[in-house]
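Structural characterization, general
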Amino acid sequence: MIRSLLIANRGEIAVRIIRACKELGIRTIAVYSEADRKALHVKMADQAICIGPPPSKDSYLNISNIVSAALHSRADAIHPGVGFLSEKAEFARKVQEAGLIWVGPDPEAIDMLGDKIRSKENATKYGVPCTPGIEGAITNIDQTVEKVKKIGLPVIIKASAGGGGKGMRIVRKIEELADNIKIAANEAEKSFGDGTVFIEKYLENAAHVELQMMGDKHGNVIYLGERDCSVQKNHQKLVEEAPSPLVTPEIRKKMGEDAVRLFKGIGYSGAGTIEFLFKDGQYYFMEVNSRIQVEHPVTEMITGVDLIKEMIRVANGDELSVKQEDIRVDSYAMEIRINATAPGTVKDYLPPSGFKVRVDSFLYNGYTVPPTYDSMVAKVIIGAPTRAEGINKMLAVLDEFHLEGVPINLELQKKIINTQIFRKGGFGTQVLDSIMKEIG
Ligand code: MV4
């Protein structure tokens, strides 16, 4: 039984997890770095433990300090949140070896998906359509050049250990392939300590569509509809919406059933996201994120399922509280990420509220946003019957968002969703270039 839980994270996701625990009657233990002494998650938790100096590598990425804090505080379980250690099989393993409950998939399942080459092999094994390319890692450059000549350009070189665009190169000319493979491999080695790279056919301006998955420890797996995250800048998502304007009920069902086969096949429990590229009515497997994601509230808004509570329940050994037939995608939801463009001290903070309006944040008046971590300071989520109504609602809601002292990207976000291009929908990940042209 989980009666106490340590949250190995900070910011709005730590606050979100603490709220879920309070509803479930679970005692909460926060951890924080020296830069986060005054953070909201520290104030909200029943207990808080400092785990090191400001740099993440010394605090929020310090596995032994976090496990020690959990044992010291007599926590039963650890929720890793997003980012930081949330997808590290090594962390999951150390948590379990310490006799604690890991709120997430077993380390074996994380291992099957963490490495992109391995995850594509698994996707193929369970019949999920993958982005076409060259199978396996690049071992011989000359052979690879010959293979690329056969599959055709453009191609994209990716790091198997990668994420967030690091170690990724798009190649449009065959004479530039060999050098780019070396550059990508070096970048991957430097960033991830693993220089393994592979090649896919580059799908120009495809949409980024991802499906929310949830499994329990009894072999049940469901899909909770997709999110479209095509509005991105430097691999940072800015706007997320559900459902995707490109996905029909028929495609959703097929994509969902494909994903369920994969997740059941590898014995996945907890929350996970399967990412697809979507182009010309076809979806192509890209990767799996074996954790909850920042944009999970969009799915919560349309399905009514509390994903964080569900994660804790299934970690506890309970069966999923919802069945596939309970999941309906018959409304619309959108999330806007509010990012600080510089650090500062919060003044006159008045977030919006109202019917189907949600703000997930860690801001409060007098709080100083530290320069050390992610720039995202709030997420604004709305629900509406249709996409058109949702866009108008979000514009009205963002007009209500008031904050002094910390500069944010609010005005730009309003302009983005008010463009004709955004309103039309059905775009790919290069849409921001066109949007910026329309904005001028
Ligand atoms: C792709 C792609 C097109 N074709 N793979 C971006 C992050 C990582 N998850 C994989 N990504 C992509 N993979 C194939 N085969 C397009 C992206 C992509 C992207 C690529 C370059 C610059 C910006 C991008 C934004 C979103 C997605």
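Higher on the page you've got the structure.
The following paragraphs examine the structure supplied in this document.

Rules used throughout
- Residues numbered from 1 in each chain as written.
- Predicted model: local features only at pLDDT ≥ 70, side-chain atom pairs only at ≥ 80, totals over all residues.
- Heavy atoms only, no water.
- Near = heavy atom within 4 Å.
- Polar contact = N/O pair within 3.5 Å; in protein donor to acceptor, adjacent residues only side chain to side chain.
- Areas by Shrake-Rupley, 256 points an atom, 1.4 Å probe, with all protein chains shown as cover.
- Helix = DSSP H or I, 4+ residues; strand = E, 2+ residues; numbered from the N terminus.
- Nonpolar A, V, L, I, M, F, W, Y, C, P; charged D, E, K, R; others polar.
- Domains from an automatic or database assignment.
- Pairing = 2+ DSSP bridges.

Here we come to the site of the ligand. Within the structure, the ligand sits among 16 residues, and Lys158, Glu200, Lys201, Leu203 and Glu287 are positioned closest to it. Taking Lys158, its side chain carries an N or O atom lying 2.9 Å from a nitrogen atom of the ligand. Take Glu200: an N or O atom from its side chain is 2.8 Å from a nitrogen atom of the ligand. Burial of the ligand by the surrounding chains reaches 86%, relative to a free accessible area of 530 Å². When residues of the shell around the ligand are traced back to their parent elements, those giving at least two are β7 (155-159), β9 (197-201), β13 (270-279) and β14 (282-289). The residue inventory of the shell around the ligand, partitioned by class, reads seven nonpolar, four polar and five charged. Taken together, domain 2 (132-201) and domain 3 (207-439) each give at least three residues to the shell around the ligand, which thus spans both.

On the basis of which strands lie adjacent, the open sheet formed by four strands has the order β6-β9-β7-β8 and antiparallel pairing. Of all the strands in the sheet, just β6 (133-134) and β8 (169-171) have a single pairing partner and so form its edges. Taken together, the two bridges between β6 and β9 define a ladder with antiparallel strand orientation. Along β9, the bridge assignment pairs Ile134 with Ile199.

Honestly, that's just the spatial picture; any functional story needs more than this.
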